[in-house]
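What follows is the residue order along each chain.
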Amino acid sequence: MFRYSTYLKLRDTDAAGVAFFASYYAIAHDAYEAFLNEQGRSLNHWLDQVNLPIVHSEADYKAPLRLGDAFVIEVTCLKISERSYTLNYTFLNESGVLALIQTVHVAVSPDLDSKLKAVSLPAELKSLLNLIKVKA
């Protein structure tokens, strides 16, 4: 598991000062990038080899986040296959779970001029994801 601490910024709120639902995805992606950076391999490093679009996502919102609220995101990898992986993001504060976000990423050829074609995940990326993989 990787833990990412942050707080809710103005840009991530709606007019009522509560987290805008889509902002959870952006914040989750910040946590994902922070994990990769901590491992010494930025997202930019991987994009030279493979594109990793999200092909499925889902979210459950349990309690509101308000402007300035501090919280932690626990990032785990639920599944790794030959060409895809599933990440889970649990948003938490001292009161408990605030939100659950899940994203499924598929590896595709980085050649944007051609038809998108699924390819194998780089072995090194699989190794990094295994660091946060949930044990069955």
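Fair warning: this is a prediction, and the values are worked out from it, not measured in the lab. (Residues numbered from 1 in each chain as written. Predicted model: local features only at pLDDT ≥ 70, side-chain atom pairs only at ≥ 80, totals over all residues. Heavy atoms only, no water.)

Mind laying out the overall build of the protein, listing which residues take part and the relevant values?
Summing up its helical and strand segments, the protein has three helices and five strands in all. Counting from the amino terminus, the protein carries its helices and strands in the arrangement β-α-α-β-β-β-β-α. Once the C-alpha set of the protein is aligned to its principal axes, its extents read approximately 45 × 35 × 25 Å. Out of the 136 residues belonging to the protein, those deemed buried represent 43%. Considering only contacts within the protein whose residues lie at least 6 apart along the sequence, 66% involve residues at least 24 apart. (Helix = DSSP H or I, 4+ residues; strand = E, 2+ residues; numbered from the N terminus. Buried < 20%, exposed > 50% of the residue type's maximum accessible area, 1.4 Å probe, protein only. Contact = heavy atoms within 4.5 Å.)

Provide a residue-level description of the sheet that holds strand 4 (residues 84-93), including the pertinent values.
Taken together, five strands build an open sheet; the order of strands is 1-3-4-5-2 and the sheet is antiparallel. Pairing within the sheet leaves two strands with one partner each, and these edge strands are strand 1 (2-7) and strand 2 (54-61). Averaged over neighbouring strand pairs, the angle between their axes works out to 20° when direction is ignored. The sheet contact formed by strand 1 and strand 3 (residues 70-80) spans six bridges and is antiparallel. Residue pairing in the sheet places phenylalanine 2 in a bridge with valine 75 of strand 3. The strands touched by helix 3 (residues 123-130) within the sheet are strand 3 and strand 4, with strand 3 carrying the most contacts at an inclination of about 125°. (Pairing = 2+ DSSP bridges. Axes fitted to C-alpha atoms, helices over the stretch in contact; angles between N-to-C directions.)

Describe in detail the packing of aromatic side chains, supporting the description with residues and values.
Within the structure shown, the criterion is met by five aromatic pairs. For the pair tyrosine 24 and phenylalanine 91, a centre-to-centre distance of 5.2 Å together with 65° between the ring planes defines the contact as edge-to-face. Here the residue tyrosine 24 occupies a position in helix 1 (residues 23-38), and phenylalanine 91 occupies one in strand 4, the gap between them amounting to 67 residues. Among the aromatic residues, ring-to-ring pairing joins Tyr24, Tyr61, Phe71 and Phe91 into one connected group. Across from the ring centre of tyrosine 7, 4.3 Å away, lies the NZ or CZ of lysine 9, which sits over that ring. (Phe/Tyr/Trp six-rings, centres within 6.5 Å; stacked < 30°, edge-to-face > 60°. Lys NZ or Arg CZ within 6 Å of the ring centre and 35° of its normal.)

Lay out helix 1 in plain terms, naming residues and giving numbers.
Taking 1.5 Å of rise per residue, the 16 residues of helix 1 would be expected to cover 22 Å, and the 23 Å separating its terminal C-alpha atoms lies within 8% of that figure. Where helix 1 terminates, the next one or two residues include glycine 40, which has phi positive at roughly 85°. (Expected span 1.5 Å × (residues − 1).)

Mind laying out the side chain of threonine 90, listing which residues take part and the relevant values?
Position of threonine 90 relative to the elements: it lies in strand 4. For threonine 90, the side chain forms a polar contact with the side chain of asparagine 88, separated by 3.3 Å. Contacts of threonine 90, omitting those with residues within four sequence positions, involve Val72, Ile73, Glu74, Val97, Ala99 and Leu100. (Polar contact = N/O pair within 3.5 Å; in protein donor to acceptor, adjacent residues only side chain to side chain.)

Kindly report on a nonpolar patch on the surface, identifying the contributing residues and their values.
Residues Phe20, Phe21 and Tyr61 make up a contiguous nonpolar surface patch of about 320 Å² in total accessible area. Summarising the element assignment, tyrosine 61 is placed in strand 2. We classify tyrosine 61 as partly exposed; its relative accessible area is 39%. (Patch = residues over 30% accessible without salt bridge, like charges linked within 9 Å, V, L, I, M, F, W, Y side chains within 5 Å. Areas by Shrake-Rupley, 256 points an atom, 1.4 Å probe, with all protein chains shown as cover. Salt bridge = Lys/Arg side-chain N within 4 Å of Asp/Glu carboxyl O.)

Let's hear about the side chain of lysine 126: which residues, and what values?
Looking at where lysine 126 falls in the secondary structure, it is placed in helix 3. One polar contact links lysine 126 to glutamate 82, side chain to side chain, over a distance of 3.2 Å.

None of this, on its own, says anything about what the molecule does.
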